[in-house]
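Analysis of the macromolecular model
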Amino acid sequence: MLTITLPASLSNLGQFIVPVSNWLKSQGLSRQKIVRIELALEEALVNISRYAYPQGRGDIEVHCQLLDENRYLIEIIDSGIFFDVCALPTPELKACVAEREVGGLGVYLMRKMADEITYRREKDKNILRLIFQATPDRNAGATPFNPGHRGIQR
Amino acid sequence: MEMMVRNEEKAAIIAVTGRMDAVSAPQFDKRLETLMAEGATRIIVNFQNLEYISSAGLQIVLANAKKLEFIDGELLLTNLSGAVKEVFEISGFDTIFQIFDDPDAALASL
């Protein structure tokens, strides 16, 4: 188990991702799987750093845990404003360059990288749980995810 | 992340190495902005040595492709592989950009 708590800031991105990546490596995970987890984690952290604390500063907690021999949990907790990533619509993926909107892809990529994703609001905290299977390595495709509780989007 | 620019007659080629994440992507944006300020209208981005890209990088690629299209220019991409290729495919970016095996193939298309 690994726990990291740091202020929500893009400047701390590496301070979260590098230790998580090293921990996953020490668990014997493939580089391909680690990169997917890094991507999902980055997208979650960036979102929180940019939007969770509009009135000031706050922390992000990241917990990494081996749930069983084949499943890794990355739990990301913030005390910012309510935000259910599972409730966001899928962005338009087919538009041409001129019509395609810049942005909106981060949460989508996070959802596609994780094998399971749940969100809940508990005691004024956003608790996002991303679960990744160690094997088999999944190619891009439909991702099962639990919509969790829904609410106001920030 | 490191970037190296080579100017050819038909296009500027920028090779990107390392990781393009939310922290480093703005550097890529600035470099492209400089190239355009110098007059480049056709830019080839070589991703051969890029090992990681997140949505922040995709946004910069798309935003600059829009700028170039607006001035009748083009942004061409080459050498997508591994995690970078997967991210392009998942986001649908592989269908909206011209992607070539290598910079020579991209140059030959111009």
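Residues numbered from 1 in each chain as written. Chains lettered and ligands numbered in written order. Predicted model: local features only at pLDDT ≥ 70, side-chain atom pairs only at ≥ 80, totals over all residues.

**Some details on the overall build of chain B**
If you tally the helices and strands in chain B, you get five helices and five strands. Listed N to C, the secondary structure of chain B is β-β-α-β-α-β-α-α-β-α in terms of helices and strands. Whereas a compact globule of 110 residues would reach a radius of gyration of roughly 13 Å, chain B reaches 12 Å, a difference of no more than 12%. With 110 residues in all, chain B has 42% of them scored as buried. A separation of at least 24 residues holds for 71% of the contacts in chain B among residues at least 6 apart in sequence. (Helix = DSSP H or I, 4+ residues; strand = E, 2+ residues; numbered from the N terminus. Rg over C-alpha atoms; globule rule 2.2 N^0.38 Å. Buried ≥ 20, exposed ≤ 12 C-beta atoms within 10 Å, placed from the backbone. Contact = placed C-beta atoms within 7 Å.)

**A few points about the overall build of chain A**
Counting its regular elements, chain A contains three helices and five strands. Scanning chain A from its N terminus toward the C terminus, one meets helices and strands in the order β-α-α-β-β-α-β-β. Within chain A, the fraction of its 154 residues that count as buried is 31%. Sequence separation of at least 24 residues holds for 73% of the intrachain contacts in chain A that already meet a minimum separation of 6.

**Considering the interface of chain A and chain B**
With 21 residues of chain A at the interface, the matching set in chain B holds 22 residues. Listing elements by their share of the side of chain A that touches chain B, those giving two or more residues are helix 2 (31-51) and helix 3 (106-113) of chain A. The element best represented in the side of chain A that touches chain B is helix 2 of chain A, accounting for six residues. Looking at the side of chain A that touches chain B residue by residue, the class counts come to 13 nonpolar, two polar and six charged. (Nonpolar A, V, L, I, M, F, W, Y, C, P; charged D, E, K, R; others polar.)

**With respect to unusual backbone geometry**
Negative phi values dominate among residues other than glycine, just as trans dominates among peptide bonds. If you check the backbone angles, Lys123(A) has positive phi at about 50 degrees while not being a glycine. Topologically, Lys123(A) is positioned in the loop between strand 4 (116-122) and strand 5 (125-133). With a phi close to 60 degrees, Asn79(B) is a non-glycine residue in the positive phi region.

**Overview of the nonpolar core**
Residue and element names in this part refer to chain A. Counting 68 residues, the largest nonpolar core has Ala 40 and Leu 41 as the members making the most contacts within it. Tallying contributions element by element places helix 2 first for this core, with 10 residues. Sequence-distant contacts of Ala 40, that is, excluding residues within four places in its chain, are made with Met 110, Met 113, Ala 114 and Leu 130. (Core = buried A, V, L, I, M, F, W, Y, C linked by C-beta atoms within 7 Å.)

**Things to note about the environment of Asn126(A)**
All names here are of chain A. As for its placement among the helices and strands, Asn 126 is situated in strand 5. Residues Asn 126 and Asp 84, 42 residues apart in the sequence, show an inter-C-alpha distance of 7.8 Å. For Asn 126, the residues in contact, after removing those within four places along its chain, are Ile 77, Asp 78, Gly 80, Phe 82, Phe 83 and Arg 121.

**What to know about the confidence of the model for chain A**
Predicted confidence across chain A gives a mean pLDDT of 87, with 88% of residues reaching 70 or more. Low pLDDT, under 50, characterises residues 139-154 of chain A; the stretch is placed with 42 contacts to residues that sit more than four places away or in other chains. (pLDDT = per-residue confidence, 0-100.)

**Quick notes on helix 2 (residues 55-70) of chain B**
In an α-helix, one turn spans 3.6 residues; hence positions three or four apart end up facing the same way. All names here are of chain B. Over its 16 residues, helix 2 extends 22 Å from the first C-alpha to the last, a length consistent with the 22 Å expected when each residue adds 1.5 Å. Regarding helix 2, the residues found buried are Ser 55, Ala 56, Gly 57, Leu 58, Ile 60, Val 61, Leu 62, Asn 64, Ala 65 and Leu 68. The first or second residue beyond helix 2 is Asp 72, which carries a positive phi of 65 degrees. (Expected span 1.5 Å × (residues − 1).)

**So, helix 1 (residues 25-37) of chain B**
Residue and element names in this part refer to chain B. Relative to the 18 Å expected for 13 residues at 1.5 Å per residue, helix 1 spans 19 Å between its end C-alpha atoms, a close match to the ideal helical length. When we look at burial in helix 1, the residues that qualify are Ala 25, Phe 28 and Leu 32. Along helix 1, the residues classed as buried sweep out an arc of 55 degrees about the axis, all on the same side. Exposed side of helix 1, more than 90 degrees from the buried face: Pro 26, Lys 30, Thr 34 and Ala 37 are the residues found there. Those residues of helix 1 hidden inside the fold are in contact with strand 1 (2-7), strand 2 (12-20), strand 3 (42-53) and helix 2. At the exit of helix 1 stands Gly 39, carrying a positive phi of roughly 110 degrees. (Arc of directions from axis to C-beta.)

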